[in-house]
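# Breakdown of the fold
Chain residues, written in single-letter form:
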Amino acid sequence: MQIGEGMPQVFSSNANGIARFILWGLCFFAIFAAIGGTALLRSGFITGVGRPVAQAVPFSHKHHVGDIGLDCRYCHNGVETSASAGLPATEVCMTCHSQIFTNADMLAPVRASLASGQPLQWQRVNSVPDFVYFNHSIHIAKGVACETCHGDVDDMPLMQRAHSLSMEWCLGCHRDPGPNLRPPQDVFLLHWNPPRDIEQVRRSLISILDIHPETMTDCYVCHR
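Residues numbered from 1 in each chain as written. Predicted model: local features only at pLDDT ≥ 70, side-chain atom pairs only at ≥ 80, totals over all residues. Heavy atoms only, no water.

### Overview of the side chain of S60
Its place among the elements puts S60 in the loop between α2 (44–47) and α3 (61–67). Owing to a relative accessible area of 15%, S60 belongs among the buried residues under this scheme. Among the polar contacts made by the side chain of S60, one reaches the main-chain amide nitrogen of K62 at a distance of 3.3 Å. Residues within four places of S60 in sequence aside, it is in contact with M156 and P157. (Helix = DSSP H or I, 4+ residues; strand = E, 2+ residues; numbered from the N terminus. Buried < 20%, exposed > 50% of the residue type's maximum accessible area, 1.4 Å probe, protein only. Polar contact = N/O pair within 3.5 Å; in protein donor to acceptor, adjacent residues only side chain to side chain. Contact = heavy atoms within 4.5 Å.)

### A closer look at the packing of aromatic side chains
In this description, an aromatic ring pair is defined by two values, namely the gap between the centres and the angle between the planes. Overall, the coordinates contain 2 aromatic pairs when judged by the stated rule. Between F59 and W122 the ring centres are 6.5 Å apart and the planes differ by 85°, which places this aromatic pair in the edge-to-face class. Remark: W122 occurs in the loop between α6 (108–116) and α7 (136–141) and F59 occurs in the loop between α2 and α3; sequence separation between them is 63 residues. The exposure class assigned to F59 is partly exposed, which follows from its relative accessible area of 22%. (Phe/Tyr/Trp six-rings, centres within 6.5 Å; stacked < 30°, edge-to-face > 60°.)

### Observations concerning helix α9 (residues 167–175)
The set of residues buried in α9 consists of L171, C173 and H174. Within α9, the buried residues cover an arc of 160° as seen down the axis, which keeps them to one side. Check the buried side of α9 and you find it contacts α7 and α11 (219–222). (Arc of directions from axis to C-beta.)

### Some remarks on the pattern of salt bridges
Side-chain pairing between opposite charges can occur once the charged atoms of the two side chains come close. Counted according to the given criterion, the structure contains 4 salt bridges. Residue D71 is joined to R73 by a salt bridge in which the shortest nitrogen-to-oxygen separation is 2.8 Å. R73 is paired through a salt bridge with E80; the nearest N and O atoms lie 3.6 Å apart. Residue classification places E80 among the partly exposed positions, given a relative accessible area of 44%. The network of salt bridges with shared partners includes D71, R73 and E80. (Salt bridge = Lys/Arg side-chain N within 4 Å of Asp/Glu carboxyl O.)

### Quick notes on unusual backbone geometry
A positive phi angle, near 50°, is found at F101, a position not held by glycine. Along the chain, F101 falls in the loop between α5 (90–97) and α6. Assessed through its relative accessible area of 55%, F101 is described here as exposed. For H191, which is not glycine, the phi dihedral falls at a positive 55°.

### Comments concerning α5
Buried residues of α5: T90, V92, C93, M94 and H97, and no others. If you follow the buried residues of α5, they end up packed against α3, α4 (72–75) and α6.

### Focus on the nonpolar core
Core analysis: the largest hydrophobic core is formed by 9 residues, namely V144, L181, W192, I198, V201, L205, L209, I211 and M216. Beyond its immediate sequence surroundings of up to four residues, W192 is in contact with E147, R182, P183, D186, I198 and R202. (Core = buried A, V, L, I, M, F, W, Y, C linked by side-chain atoms within 4.5 Å.)

### Overview of the state of the cysteines
What we call a disulfide is simply a covalent bond connecting the sulfur atoms of a pair of cysteines. If you walk through the whole model with that rule in mind, you get 0 disulfides. Considering cysteine sulfurs only, C173 is the nearest to C149, which forms no disulfide, with 7.0 Å between them. You can call C149 buried: its relative accessible area is 17%. As a non-bridged cysteine, C222 has C170 as the owner of its nearest cysteine sulfur, 6.6 Å distant. A relative accessible area of 23% means that C222 is categorised as partly exposed. (Disulfide = S-S within 2.5 Å.)

### Details of the environment of I138
In this fold, I138 is placed in helix α7. In this structure I138 comes out as partly exposed when scored by relative accessible area, which is 41%. Sequence separation of I138 and Q200 is 62 residues, and the distance between their C-alpha atoms is 22 Å.

Put into structure tokens, the structure is as follows:
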């Protein structure tokens, strides 16, 4: 009798097909998991894009900027001179609200802050990790508008993040800054209408403002 003759069959005739089905299933699962994970990381659930942030006082950019027409620099007075744009001190709020809406319930925290000397605890909406160096004044001086990063704040009843501010998003601008440039005197204008010769203007700005895209993606630019 030959070796193996008469031995029981361990695997059924369908075993190969089942094994192939499981292996292909694992491959497809891995692919879908990778795609789904990437989509999740880019979604507003993780990045916070489009999600209003609750504040100590429900400050409306839509009202103050869109309706009244306040300039960004009135509240964010460090934006042209320092790395941080700055958040408004209570005294800035009370410049107006000592005269109007003086007894409004929603402004009770502002009045309490003024009385106690304790600053309001604003929640930062747009932020980057601590290991990333970002300087507002440099971007303003180089012709990058507020609305480029912060979106249409004049249409936001509550402030929300307009873009992910991810490394990929920032590098896209650093590699090709031209489409996001405008004359520095226009950076605070919302819904800016570019001139017809905007492409020529932007090419000129790259030279005049001493912008060097070839070095703007070096690691040291943002990581110091």
